[in-house]
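The residues making up each chain are set out below.
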Amino acid sequence: MIAPTLTSHRLTLRMPVAADVEPFTGLFPADRVAAAGVAMPRPDAWRLVATALGHRTARGHGMWTVTLRDEDRPVGMVGCLRLGARPRNEIGWFLCGGATGRGIATEAARMARDWAYARFGWTTAASDIDAQNPAPIRLAERPGARPERRAPHPKGKAPTIVMRRPPARALPE
Amino acid sequence: MIALSPTPTLHTARLTLRAPHLSDAEALAAFWQSPRSLFIGGASPADGAVPSIQHSLGAWALRGYGLWTITLTATGQPIGRTGVLTHADWPEPELAWHLFDGFEGQGLAHEAVLAARSHCHGALQMDPLFSFIHPRNHRSKALAIRLGATLETDTTLQGDTIHIFRHPGGTA
């Protein structure tokens, strides 16, 4: 199976598809919109979906589209990533505006992390988060990640905080 | 690699056109850092190569067409890219190509683009494709003409005047 569909009692994590481009267009989460100043234009949404598929093709792991179980409407993306010129294991996510505040990102990030630990032998992972943005930092802390260090943003934006995920052996069974 | 992108492998006398691969990143980054990329947008950050490769793979998965990496069959060395691009502000799918440093003047681009174009017009049944070519990109213009393409019109792209060359249909 090239891209397993993961399910929890509330969520389905499935392969991104072309039909996700429209719902993601203009629906980037409110905090990111504020940071970037604009909603995600359609070309960026297309690029996001294409790059997510390409990451999975190239590496065997990557982003899933998150939907509420039994609905196919995308509410965001989550995944295990290796990005950049010196890649390291990362957990990344975003949610569309209306989906925040319900624990969806926490649940989805935990599912992605557990999958990467189990299937790809990852022993830890990082999440780089805008240091000015408290909500995702709190979210990363919930499944046990701790701030590791501050880091410059790869594109020279606001400083980033690196959240270190707990090692696999420290997780409850 | 997993079989998610439906990129076919094409063979010519000297070349193999295959799906982009992360191992192409170094050659692609070097190309973008060189003056050779001037007419297709110019220098990109060195770490832009991996996302670009992933983007190409995703384009194949989403659209069923995209860019191939051109390699020398004898050695496997990547020497450039060709195939179909559809950027956001593009009017229609474009037949694009670029060769990395050191591989010009041997007819390799002609060989590669012809194979890509034949596949697009044939197996993929695409309408006759066009190519954007910067008016000062004389080597690319010469190749377009050698490929049988004709200057259709000029337009403006990202603030610059640019030629639109139209390719003949069919698989020749």
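Residues numbered from 1 in each chain as written. Chains lettered and ligands numbered in written order. Predicted model: local features only at pLDDT ≥ 70, side-chain atom pairs only at ≥ 80, totals over all residues.

(A) Spotlight on helix α5 (residues 134-141) of chain A. Residue and element names in this part refer to chain A. Residues of α5 that are buried: Pro136, Leu139 and Ala140. The buried residues of α5 occupy an angular sector of 95° when the element is viewed end-on, so they sit on one face. Exposed residues pointing more than 90 degrees away from the buried face of α5 are listed as Pro134 and Arg138. (Buried ≥ 20, exposed ≤ 12 C-beta atoms within 10 Å, placed from the backbone. Helix = DSSP H or I, 4+ residues; strand = E, 2+ residues; numbered from the N terminus. Arc of directions from axis to C-beta.)

(B) Inspection of the packing of helix α3 (residues 42-59) of chain A against helix α2 (residues 49-63) of chain B at higher detail. Where α3 of chain A contacts α2 of chain B, the axes come no closer than 6 Å and their chain directions differ by 100°. Between α3 of chain A and α2 of chain B, the interaxial angle falls into the category roughly perpendicular. Contact with α3 of chain A, carried on its side by Arg47, Val49, Ala50, Thr51, Ala52, Leu53, Gly54, His55, Thr57 and Ala58 of chain A, involves Pro51, Ile53, Gln54, His55, Ser56, Leu57, Gly58, Ala59, Ala61 and Leu62 of chain B of α2 of chain B and no other residues of that element. Looking at side-chain class alone, the contact of α3 of chain A with α2 of chain B contains 11 nonpolar, 8 polar and 1 charged residues. (Axes fitted to C-alpha atoms, helices over the stretch in contact; angles between N-to-C directions. Parallel < 35°, antiparallel > 145°, perpendicular 65-115°, else oblique. Contact = placed C-beta atoms within 7 Å. Nonpolar A, V, L, I, M, F, W, Y, C, P; charged D, E, K, R; others polar.)

(C) Geometry of the packing of helix α1 (residues 25-33) of chain B against α2 of chain B. Residue and element names in this part refer to chain B. Put simply, α1 and α2 touch, their axes get as near as 9 Å, and they point 115° apart. Considering their axes alone, α1 and α2 lie roughly perpendicular with respect to each other. Taken as a pair, α1 and α2 cross one another with a handedness that is right-handed. Contacts between α1 and α2 involve Ala25, Leu28, Ala29 and Trp32 from the former and Ala49, Val50, Ser52 and Ile53 from the latter. Residues of the contact of α1 with α2, tallied by class, amount to 7 nonpolar, 1 polar and no charged. (Left-handed = near helix turned anticlockwise from the far one by under 90°.)

(D) Quick peek at the environment of Thr71 of chain B. Here Thr71 of chain B lies in strand β3 (residues 67-72). For the pair Thr71 of chain B and Gly170 of chain B, spaced 99 residues apart in sequence, the C-alpha to C-alpha distance is 24 Å.

(E) Geometry of the confidence of the model for chain A. Residue and element names in this part refer to chain A. Within chain A, residue pLDDT values average 78, and 78% of them lie at 70 or more. Highest mean pLDDT in chain A belongs to strand β2 (residues 11-14) (96); lowest belongs to helix α2 (residues 30-36) (44). Predicted confidence is poor over residues 29-38, with pLDDT under 50, and the contacts of this stretch with residues over four places away or in other chains come to 14 contacts. (pLDDT = per-residue confidence, 0-100.)

(F) Structural view of the environment of Arg119 of chain A. Summarising the element assignment, Arg119 of chain A is placed in helix α4 (residues 104-119). In this structure the C-alpha to C-alpha distance between Arg119 of chain A and His61 of chain A, which are 58 residues apart in sequence, comes to 9.4 Å.

(G) Quick look at unusual backbone geometry. Unusually for a residue other than glycine, Asp70 of chain A sits at a positive phi of about 70°. Structurally, Asp70 of chain A can be placed in the loop between β3 (63-68) and β4 (74-82).

(H) Molecular detail of the pairing of strand β4 (residues 78-85) of chain B. Residue and element names in this part refer to chain B. Of all 8 residues in β4, 8 are buried; the element is thus mostly enclosed. Across 5 bridges, the pairing between β3 and β4 is antiparallel. For Leu67, the partnering residue across the bridge sits in β4 and is Gly83. The turn linking β3 back onto β4 is made up of 5 residues, and Gly76 within it adopts a positive phi angle of 80°. (Pairing = 2+ DSSP bridges.)

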